[in-house]
Amino acid sequence: MADNRLAFVLTTVTSSDLAQLLDNVNIDGAAFRVPWTNIETSDDVYDWTDLDAALDAVKARQKLANIYLLVRSNANGTIAQWLKDLGVQTYTIVDPDGDTFELVLPWDATWLSKFEEFLSVFSTHLIDGGYAGTVTRLSLQIPTHEMNILGCVAGVIGGIYTYDRALYLAAWKQMIDAYQSSFPTAIKHICASTGSICKNDGDAQFYRDVMTYADTTFYPFATDLTTTGSARMAPYTNLIPGRGLAYQPIGFVTNASPNRVGGTYPTNLLEMVCRGISDGAGYIEIYSQDVLNTDATIQNAIAAIHNSALCPVA
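Quick caveat, the model's predicted, so the values are computed rather than measured.

Draft legend 1. Representation of the environment of Phe8 within the structure. With respect to the helices, strands and loops of the structure, Phe8 is situated in strand S1 (residues 6–11). Classification of Phe8 by relative accessible area gives buried; the value is 0%. Distance in space between the C-alpha atoms of Phe8 and Leu126 is 20 Å, their sequence separation being 118 residues. Look past the residues within four positions of Phe8 in its chain and what remains in contact with it is Ile27, Asp28, Gly29, Ala30, Ala31, Leu64, Ala65, Asn66, Tyr283, Ile284, Glu285 and Ile286.

Draft legend 2. Layout of the nonpolar core. Counting residues in each nonpolar core, the largest one holds 97 residues, and the members touching the most others are Phe32, Phe122, Tyr163 and Ile190. Beyond its immediate stretch of four places on either side in the chain, Phe122 contacts Trp48, Leu51, Ile67, Leu69, Leu138 and Phe183. Phe8, Leu10, Ala31 and Ala246 belong to the second largest nonpolar core, which has nine residues in total.

Draft legend 3. Inspection of the packing of aromatic side chains at higher detail. Going through the model one piece at a time under the given rule, you end up with 21 aromatic pairs. Every member of this aromatic cluster is reached through a ring pair, and the members are Trp36, Tyr46, Trp48, Trp82, Phe115, Phe118, Phe122, Tyr179 and Phe183. Above the plane of the ring of Phe218 lies Lys188, whose end atom (NZ or CZ) is 4.8 Å from the centre.

Draft legend 4. Here's a closer look at the layout of surface pockets. Taken as a whole, the second largest pocket spans an internal volume of roughly 240 Å³. Taken together, 13 residues form the lining of the second largest pocket, with Val13, Thr14, Pro35, Asn38 and Asp50 sitting closest to its centre. Of all the elements in the fold, those that place two or more residues in the lining of the second largest pocket are strand S2 (29–35), helix H2 (36–39) and helix H3 (49–60).

Rules and cut-offs
Every chain begins its residue count from 1, and numbering advances along the sequence as written. At least 70 in pLDDT is required for a residue's local features to be given in this predicted model, at least 80 for side-chain atom pairs to be given and counted, and no such filter applies to totals for whole chains, interfaces and linings, which use all residues. Side-chain numbers come from the whole structure's heavy atoms, not from hydrogens or water. Secondary structure follows DSSP: runs of H or I at least 4 residues long count as helices, runs of E at least 2 residues long count as strands, and numbering of each begins at the N terminus. Whether a residue is buried, partly exposed or exposed follows from its accessible area with a 1.4 Å probe, protein chains only, as a fraction of its type maximum: under 20%, in between, or over 50%, in that order. The contact definition used throughout considers only heavy atoms, calling two residues in contact when any of these lie within 4.5 Å. What is meant by a nonpolar core is a set of buried Ala, Val, Leu, Ile, Met, Phe, Trp, Tyr and Cys residues, joined one to another through side-chain atoms within 4.5 Å. Centres within 6.5 Å make a pair out of two Phe, Tyr or Trp rings, where for Trp the six-membered ring is used; the pair is then stacked when the planes are under 30 degrees apart, edge-to-face when over 60, and tilted otherwise. Either the NZ atom of lysine or the CZ atom of arginine qualifies as a charge over a ring when it sits within 6 Å of the ring centre and within 35 degrees of the ring normal. Using protein atoms alone on a 1 Å grid, points that fit a 1.4 Å probe yet trap it form a cavity, whereas open point sets bounded by protein on both sides within 12 Å along at least five of seven lines form a pocket; residues with an atom within 4 Å of a point count as lining. Grid points are joined across faces, edges and corners, and a volume is the space filled by probe spheres set on the points.

What follows is the structure, given as structure tokens:
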């Protein structure tokens, strides 16, 4: 008997491989990373073309979609100019690779208000377009995409703003209310933090406070699943509502350098999937690189999401 568990491929709405990804018999749907301001191209001006084409492909195959509405909008890591013209407060960071990115102060009132407006428009568009039954999940990426505030060190964000826990928690609560208002029946994922909201602050309680506030349609989610489990989710297993735990691997295994998942290719994908299953995951994402891999061991690992009997006995 098949397990009641979902396998989604992590991809983009403009992927040239979308049809092939969706046609994999072990894939139940697609998790799309969609920059918000790629749709709202200027204030109250929308372009749904790419999203609708992708959702049409999903719907035609009677599969499902999860939407990540991303924080950053442009390939060069900048925030849309129309938001900055409205007075949205931003700051810049330099990542370990030396690349510069622009981010928004997580509790900027104008930014949160505009996104809240967008969610309402987005919900109406999905209903009017006949996609309400297709988009059954959404992953919260705003106010921050993985709970931790990038560029926040020792209480200072981007070398400019003072970190304020109360304001940051209020921003998360505002977004929870906004998602619940626009998508009351959809499952919403909230990514667990490493516990260092503002680097080295060790605030493991913050995620608990967020999830305590959230409705039970908001599921714990972690993006660091490896062959040994999820360090992010480990402290929060008692927050899992039934089989509501959702996982994204820390990386793909196909042609991966370095190997962040652990284990040895190609059996490491199965090890990772089976560890997620043993943790109680009801939803596991698989990177498109692995879904496209024709290796039988890789495809067997994806099939194991629906059939835990394929997992080796410990």
